[in-house]
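Here is what each chain is made of, one letter per residue.
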Amino acid sequence: MLLSVTFLLANGQDILVKKNGTTVEGKVIEVGIDRVSYKINSDESSANFVIRKSELSRIEFGNGQTVFLDERNLPKNKKAVTDQAASTFGRHLINFSPFKALDSGPGLGFSYEFLADKRGYFGVILPLSLVFPDRYDFSIDGNGDQKEMFYFSPGLKIYPFGQRKVTYAVGPTIFTGFGNGVRNNGSYDPNTGMYTSSGTETKIFRFGIIVNNYVNFQITPHFQIGLNGGLGSRYIDKETYNSFSSSNGGINITGEFNFNIGLRF
């Protein structure tokens with residue numbers, strides 16, 4: 001699915017509309033001071049063509065954005081999009097997640113995203129999460145101290161429709177989770193006829209892949225809110241205590257849900 005989306009994006013066509021009404025389809029390479037360079041196909045080795053900006057009315061990009069070069073042809077009540085505004089929003093996104101949920105429990109997080117291309121079709125995201133496991137036997141130790149886990153989940157985001165006020169993205173993240181916990185052990189004493197329990201500190205490690213779906217709402221050019229949710233597989237779920245290790249065999253289904261607010265620049 002991801003390869004298909006990438007192929008469609010790579011073959012999206014831009015349309016150069018001349019003032020006389022004729023059109024030219026191709027891939028815009030550069031919008032200069034007085035001329036526009038383009039290719040008639042997506043082959044990098046193909047020839048570049050040049051047309052004067054004075055001959056053009058507008059450029060309709062493959063991501064749905066239109067740049068008007070002749071203000072006389074602007075739709076009513078619509079501002080002109082300058083050449084410098086080809087990328088309306090910033091390429092850097094910083095988000096804080098006051099609430100997120102993984103299969104191990106609720107938590108909070110922080111993430112940084114960078115749009116890797118000028119058109120805004122591909123992004124690299126670096127989230128860091130703090131999760132409080134909801135299992136009673138390892139979330140709180142014998143002294144009542146809370147235990148937690150940290151997750152680092154680098155991933156790739158693909159924006160099929162580019163950057164807009166409401167954007168959709170999909171992509172995989174590789175998560176690594178680690179932290180400490182407490183395992184409560186119980187034993188029966190035949191001399192007293194009573195059960196006793198003791199807590200053993202454990203080290204926890206998890207590794208897996210989640211495919212997330214993202215929706216981002218650009219409230220202002222610099223303020224945004226977003227949601228994402230996804231499903232995946234947990235390949236390693238290991239717990240070590242008293243020099244012993246235990247792990248859940250096989251592949252386990254996992255998932256996450258996240259709400260975030262942040263800045264864009």
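Residues numbered from 1 in each chain as written. Predicted model: local features only at pLDDT ≥ 70, side-chain atom pairs only at ≥ 80, totals over all residues. Heavy atoms only, no water.

1. What about the packing of aromatic side chains?
Alright, step 1. Under the counting rule described, the total for this entry stands at three aromatic pairs.
Alright, step 2. When the ring of Tyr38 is compared with that of Phe49, the centres are 5.8 Å apart and the planes differ by 25 degrees; the resulting orientation is stacked. Of this pair, Tyr38 sits in strand β3 (residues 35-39) while Phe49 sits in strand β4 (residues 48-52), placing them 11 residues apart in sequence.
Alright, step 3. Residue classification places Phe49 among the partly exposed positions, given a relative accessible area of 35%.
Alright, step 4. One Lys or Arg, Lys157, reaches over the ring of Tyr214 and ends 4.2 Å from the middle of that ring. (Phe/Tyr/Trp six-rings, centres within 6.5 Å; stacked < 30°, edge-to-face > 60°. Helix = DSSP H or I, 4+ residues; strand = E, 2+ residues; numbered from the N terminus. Buried < 20%, exposed > 50% of the residue type's maximum accessible area, 1.4 Å probe, protein only. Lys NZ or Arg CZ within 6 Å of the ring centre and 35° of its normal.)

2. Some words on the environment of Leu156
Alright, step 1. With respect to the element layout, Leu156 can be found in strand β11 (residues 155-158).
Alright, step 2. The sequence separation of Leu156 and Val124 amounts to 32 residues, and the corresponding C-alpha distance is 4.9 Å.

3. Remarks on the sheet that holds strand β6 (residues 66-68)
Alright, step 1. Read from one edge of the open sheet, six strands run β4-β3-β2-β1-β5-β6, paired in antiparallel fashion. Strands at the two margins of the open sheet, each flanked by one partner only, are β4 and β6. On average, adjacent strands in this sheet sit at an angle of 40 degrees to one another, irrespective of strand direction.
Alright, step 2. By the bridge criterion, four bridges tie strand β1 (residues 14-18) to strand β5 (residues 56-60) in an arrangement that is antiparallel. When the sheet's bridge partners are listed, Lys18 is paired in β5 with Leu56. (Pairing = 2+ DSSP bridges. Axes fitted to C-alpha atoms, helices over the stretch in contact; angles between N-to-C directions.)

4. With respect to the pairing of β1
Alright, step 1. When β1 meets strand β2 (residues 23-31), the two strands line up antiparallel, connected through four bridges. Counted as the bridge partner of Val17 is Thr23 from β2.
Alright, step 2. Between β1 and the antiparallel strand that follows it, β2, lie four residues; Gly21 among them carries a positive phi value of about 100 degrees.

5. Here we look at the pattern of salt bridges
Alright, step 1. Following the criterion strictly, the structure yields seven salt bridges and no others.
Alright, step 2. Taking the shortest distance from any N to any O, the salt bridge between Asp34 and Arg35 comes out at 3.6 Å.
Alright, step 3. The residue Arg234 makes a salt bridge to Asp103 at a minimum N-O spacing of 2.3 Å. Of this pair, Arg234 sits in strand β14 (residues 223-241) while Asp103 sits in the loop between β7 (92-102) and β8 (105-115); the two residues are 131 residues apart in sequence, bridging distant segments of the chain.
Alright, step 4. A residue is classified by how much of its surface remains accessible, and Arg234, at 7% relative accessible area, is buried.
Alright, step 5. The class of Asp103 is partly exposed, set by a relative accessible area of 37%.
Alright, step 6. In the salt-bridge network here, residues are joined through shared partners; they are Asp103, Arg206, Arg234 and Asp237. (Salt bridge = Lys/Arg side-chain N within 4 Å of Asp/Glu carboxyl O.)

6. Digging into the confidence of the model for the chain
Alright, step 1. A residue-level look at the chain finds 77% of positions with pLDDT of 70 or above and a mean pLDDT of 81.
Alright, step 2. By mean pLDDT, the top-scoring element of the chain is β11 (96), and the lowest-scoring one is helix α2 (residues 136-139) (42).
Alright, step 3. This stretch, residues 78-87, has a pLDDT under 50; its non-local contacts, to residues over four places away or in other chains, come to 17 contacts.
Alright, step 4. This model gives residues 136-145 a pLDDT under 50, and the stretch forms 19 contacts once residues within four places in sequence are excluded. (pLDDT = per-residue confidence, 0-100. Contact = heavy atoms within 4.5 Å.)

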